[in-house]
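# Structural description and commentary
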Amino acid sequence: MDNKRKISFFIIISTILILIFIFSGLNSNNKYYFLSKRIPKVIAIIITGVSIAFSSMVFQTITNNRILTPSILGLDSLYIFIQTFIIFVLGSGHIIVTNNNLNFILSGSLMIFFSALVYKFLFKKNQNDILFLLLAGLILGSLFQSLSSFMQMLIDPNEFLHVQDIMFASFNNINVKVLWISSLLVFILTIYTYKYTEILDVLSLGKEQSINLGINYDDIVKRMLIVVSLLISVSTALVGPITFLGLLVVNLAREFLSTFKHRYLMAVSGLISIVALLGGQLLVERVFNFSTPISVIINFIGGLYFIYLLIKENKI
Amino acid sequence: MIEVKEIVKQYGDKNVVDNLSMKIMKGKITSFIGPNGAGKSTLLSMISRLIPKTSGEIFIEGKEIGEWDDNELAKTISILKQSNYINIRLTVRELVSFGRFPYSQGKINREDIKYVDKAIEYMQLRSMQHKYLEELSGGQRQRAYIAMVLAQDTEYILLDEPLNNLDMKHSVEIMKILRGLVDKLGKTVIIVIHDINFASWYSDYIVALKNGKIVKNDKTNQIIDEKVLKQIYDLDFRIQDIESNKICAYF
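How each quantity is defined
- Residues numbered from 1 in each chain as written.
- Chains lettered and ligands numbered in written order.
- Predicted model: local features only at pLDDT ≥ 70, side-chain atom pairs only at ≥ 80, totals over all residues.
- Helix = DSSP H or I, 4+ residues; strand = E, 2+ residues; numbered from the N terminus.
- Buried ≥ 20, exposed ≤ 12 C-beta atoms within 10 Å, placed from the backbone.
- Contact = placed C-beta atoms within 7 Å.
- Nonpolar A, V, L, I, M, F, W, Y, C, P; charged D, E, K, R; others polar.
- pLDDT = per-residue confidence, 0-100.
- Domains from an automatic or database assignment.
- Pairing = 2+ DSSP bridges.
- Axes fitted to C-alpha atoms, helices over the stretch in contact; angles between N-to-C directions.
- Parallel < 35°, antiparallel > 145°, perpendicular 65-115°, else oblique.
- Left-handed = near helix turned anticlockwise from the far one by under 90°.

The next point concerns the overall build of chain A. The helix and strand tally for chain A stands at 14 helices and 0 strands. Scanning chain A from its N terminus toward the C terminus, one meets helices and strands in the order α-α-α-α-α-α-α-α-α-α-α-α-α-α. Each principal axis of the C-alpha distribution contributes one length, and for chain A these read about 60 × 50 × 40 Å. Across the 316 residues of chain A, 41% fall into the buried class.

So, about the interface of chain A and chain B. Counting from both sides, the interface comprises 16 residues of chain A and, opposite them, 19 residues of chain B. Elements that contribute at least two residues to the side of chain A that touches chain B include exactly helix H9 (197-203) and helix H10 (207-212) of chain A. For the side of chain A that touches chain B, the class distribution of residues is 6 nonpolar, 7 polar and 3 charged.

What follows concerns the confidence of the model for chain B. The predicted structure's coordinates, where accompanied by low pLDDT, should not be read in detail. All names here are of chain B. The predicted model of chain B has a mean per-residue pLDDT of 87, with 100% of residues at 70 or higher. Within chain B, no element has a lower average pLDDT than helix H9 (residues 220-223), which sits at 83, and none a higher one than strand E8 (residues 188-192), at 93. Confidence metrics for the complex model read pTM 0.86 and ipTM 0.87.

Right, let's get into the domain arrangement of chain B. All names here are of chain B. For chain B, the assigned domains are domain 1 (1-76 + 157-251) and domain 2 (83-153). For domain 1 versus domain 2, the separation of C-alpha centres amounts to 25 Å. Each partner contributes residues to the interface: domain 1 has 11 residues there, and domain 2 has 7 residues. Contributing elements (two or more residues each) for the side of domain 1 that touches domain 2: helix H2 (70-74) and helix H7 (168-183). The element contributing the most residues to the side of domain 1 that touches domain 2 is H7, with 4 residues. Classifying every residue of the side of domain 1 that touches domain 2 gives 6 nonpolar, 3 polar and 2 charged.

Working definition: the strands of a sheet are paired by backbone hydrogen bonds and lie parallel or antiparallel to each other. Residues and elements named next belong to chain B. Here 4 strands make up an open sheet; going across it, the order is E2-E1-E4-E5 and the pairing antiparallel. At either margin of the open sheet sits one strand with a lone partner, and together these are strand E2 (14-24) and strand E5 (63-64). Across the sheet, helix H1 (residues 40-47) lies against strand E1 (2-11), E2 and strand E4 (55-60), angled at about 120° from E1, the strand it touches most.

Residue and element names in this part refer to chain A. Look at helix H3 (residues 75-90) against helix H6 (residues 130-154): their axes get within 8 Å of each other, and the N-to-C directions meet at 25°. Relative to H6, the element H3 is oriented roughly parallel. Of the two possible hands of crossing, H3 and H6 adopt the one that is left-handed. From H3, Ser77, Leu78, Ile80, Phe81, Thr84, Phe85 and Phe88 reach across to H6, where they touch Gly141, Phe144, Gln145, Leu147, Ser148, Met151 and Gln152. Along the lines of polarity and charge, the residues of the contact of H3 with H6 split into 8 nonpolar, 6 polar and no charged.

With 97% of its residues at a pLDDT of at least 70, chain A reaches an overall mean of 85. At the low end of the mean pLDDT range in chain A sits helix H4 (residues 95-98) of chain A, at 76; at the high end sits H9(A), at 91.

As structure tokens, this is what we get:
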């Protein structure tokens, strides 16, 4: 199969899953209720899937590393910290917690503000050293994690249940208004990233070759890092931390395609991501009857694949 | 012509390249020699804008390196570093096609294909052009990288220790190719090289560096001299003429 046919194959699979997801068990009595619930969910899944896949693919290319995910930038930990902090200080009944719109805008903009701050500081101090950025992200990430667990220890047990809810990604309470903003953002970012696919191909040759071939490396890496953090912020604020999925889908896309061209890799990783999320959500809803959050399923399968990847890379 | 003026590279408070000026002639092979830590690779990396300079100026064709458009510069000067580990699986042809990026921005046209074919032909890689890089031997891989630089079609070709990890046969092969680039295709080649006899046999000019400074910059037969070499390496040399080329023995 050539690459275009492989893409069509994944388009067909995801379309079938979308149709199953929307139309299964539908009858004339429940159709309005189900459709109003299911369609936003599908849109949320597509947006999240695409953001996670694209951000991970771009991130792995600019770091030249196949086992990193953007979670190393510490944005997921920041999200959990923000949520825990709000519940800890204001209580779970406060409007910021209960109103999804407000929560989305607040946590989304805080994450974007945080990454802007880190980039600004680091790029000024330590020109173009991406490893330094990763280290800083890792340290700040664990700082937020420790602060969150500290608050989770002190918090009222009933409030802790709310915190726990937030710690896992979920597609069960998607707000339609929020969905429009995020769809628009992700759509713009997708088009923007697709303009850079050829440059990303060159970036995968490494820093020195990229400069040799006339790419303004520092500038492009900065731009791409901003795109990555925007995508992560949107998807995390929308459904919760789920960046681990990126590792899974990006590497699966590389296995399936055996090409270096981002034009194809990104399309397929986005589609696999949608398939994985839809499949996972179907399992959660129809098999496990909502008894387990989707991120547990994704992390379980992703973890297994990660171990396989480590063993396989070790052999070569 | 490449002209370097009072260039400095500072790491911490050590000047790795220390207030160095020189000119590099067009249409010749110029070799940078010197002991480890002399600043050869750093100098080469600065000339090819892989690393920023601390101070000083570098003029390429009369224009300061910072004023060049990145893409235009990539059509004028190319650099090949000694370690070329690539994270992705590429065939020889795909790698060579990357050399056309400054011209085609990834969308290869017929003109580009012609250049790629020519580069592959010139480096005698036709039979293995669809093989993956990791299937090739060290010498073949080095040739593939040089083919990529050839496809890039630049006036200046900079190579950092191109003979690294190659045996004698492949080293000679690569040096002959570089000589051919200058003599047949009219390119300007600048290399960092450790083997002083290869430098003596194949280069037109030698720049001898030590502690970030130029010890001597002259025609090859002026540098390959017992006194000059002793000054650079702190070693005793004995030099003999073979076919009007100077060959050094050192112990």
